[in-house]
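Structural features, examined
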Amino acid sequence: MEPGGGGDAHPRLRRPGRRGPEPRDPQQPQPPARGGGTAEESTAVEKTMRPLNRLNIHSAFWILASIAVTYYFDFLKNIKETMQADSWWLSCGTCLLAVCLCVAFYCILYLEWYCGIQDYDEQYPALIPITTATFIAAAICFNVALWPVWSFLTPVLLFIQFMGIVMLVSLLG
């Protein structure tokens, strides 16, 4: 015990800037909240809460923007012409993106839907860094391959396409 401690093993310290009553001591009994809520009432509240809609304005915006970029910039035609030019950068980017999407679909379809594992990042901690690294490498390859087509607009167009695909995939899981 410290000298002058007043006999209290754990003295209360006031936090500056805090308003309202101090928090209660956890060792003292707490009064029941709102009429002594029971377990049945808490489960009834949980049942009335609904999950967030997967398709919202934000998702719809990015999906529609991706469709607009595909249409107005002749995205698929330019990709086809770049493929016919035998671009190694585009081939490497496509392979890396395929790896990234395979890992993502493995997480969503197999682990989450089939196995019922909600926190697959805790059980398989290497999946998310691998997916992130392969996607960044694929994005760099795509930017290098398509730079001659759209020059400084290439990163913007690819980002819009990326967001559209992410929002489309998020509708699944």
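Just so it is clear, the structure is predicted and the values come from calculations on it, not from any experiment. Residue indices follow the written sequence of each chain, beginning from 1 at its first position. Two thresholds apply to this predicted model, a pLDDT of at least 70 for residue-level local features and 80 or more for giving and counting side-chain atom pairs, whereas whole-chain, interface and lining totals are computed over all residues. Each side-chain value is worked out from all heavy atoms of the structure, with water and hydrogens disregarded.

1. With respect to unusual backbone geometry
Located in the positive-phi region is Asp74, a residue other than glycine, with phi close to 50°. Helix and strand definitions follow DSSP, with helices as H or I runs of at least four residues and strands as E runs of at least two, each counted in order from the N terminus. Turning to its location among the elements, Asp74 is positioned in the loop between helix 2 (57-72) and helix 3 (75-84). On the basis of relative accessibility, which here comes to 39%, the residue Asp74 falls in the partly exposed class. The phi dihedral of Asp86 falls on the positive side, at around 60°, and the residue is not glycine. Positionally, Asp86 belongs in the loop between helix 3 and helix 4 (88-114). For every residue, the accessible area obtained with a 1.4 Å probe (protein chains only) is divided by the maximum for its type, and the residue is called buried under 20%, exposed over 50%, and partly exposed between those limits.

2. Observations concerning the side chain of Thr154
Its place among the elements puts Thr154 in helix 7 (residues 154-170). Two residues qualify as a contact provided that any one of their heavy atoms is within 4.5 Å of a heavy atom in the partner residue. Among residues more than four places away in sequence, those in contact with Thr154 are Asn143, Leu146 and Trp147.

3. Points about the packing of aromatic side chains
Pairs were defined over the aromatic rings of Phe, Tyr and Trp, the Trp ring being its six-membered one, requiring ring centres within 6.5 Å. Orientation was assigned from the angle between planes: stacked under 30 degrees, edge-to-face over 60, tilted for the rest. This structure, assessed with the given rule, holds eight aromatic pairs. Aromatic side chains Phe75 and Trp150 sit 5.5 Å apart centroid to centroid with 5° between the ring planes, which places their arrangement in the stacked category. Of this pair, Phe75 sits in helix 3 while Trp150 sits in helix 6 (residues 127-150), and the two are 75 residues apart along the sequence. A relative accessible area of 10% means that Phe75 is categorised as buried. In this structure Trp150 comes out as buried when scored by relative accessible area, which is 10%. Arranged with centres 5.5 Å apart and planes meeting at 20°, the rings of Tyr106 and Tyr110 form a pair that is stacked. Here the residue Tyr106 and the residue Tyr110 both occupy positions in helix 4, the gap between them amounting to four residues, near one helical turn. A residue is classified by how much of its surface remains accessible, and Tyr106, at 34% relative accessible area, is partly exposed. Grouping aromatic residues by their ring pairs yields a cluster made of Phe61, Trp62, Phe135, Phe159 and Phe162.

Keep in mind these values describe shape, not function.
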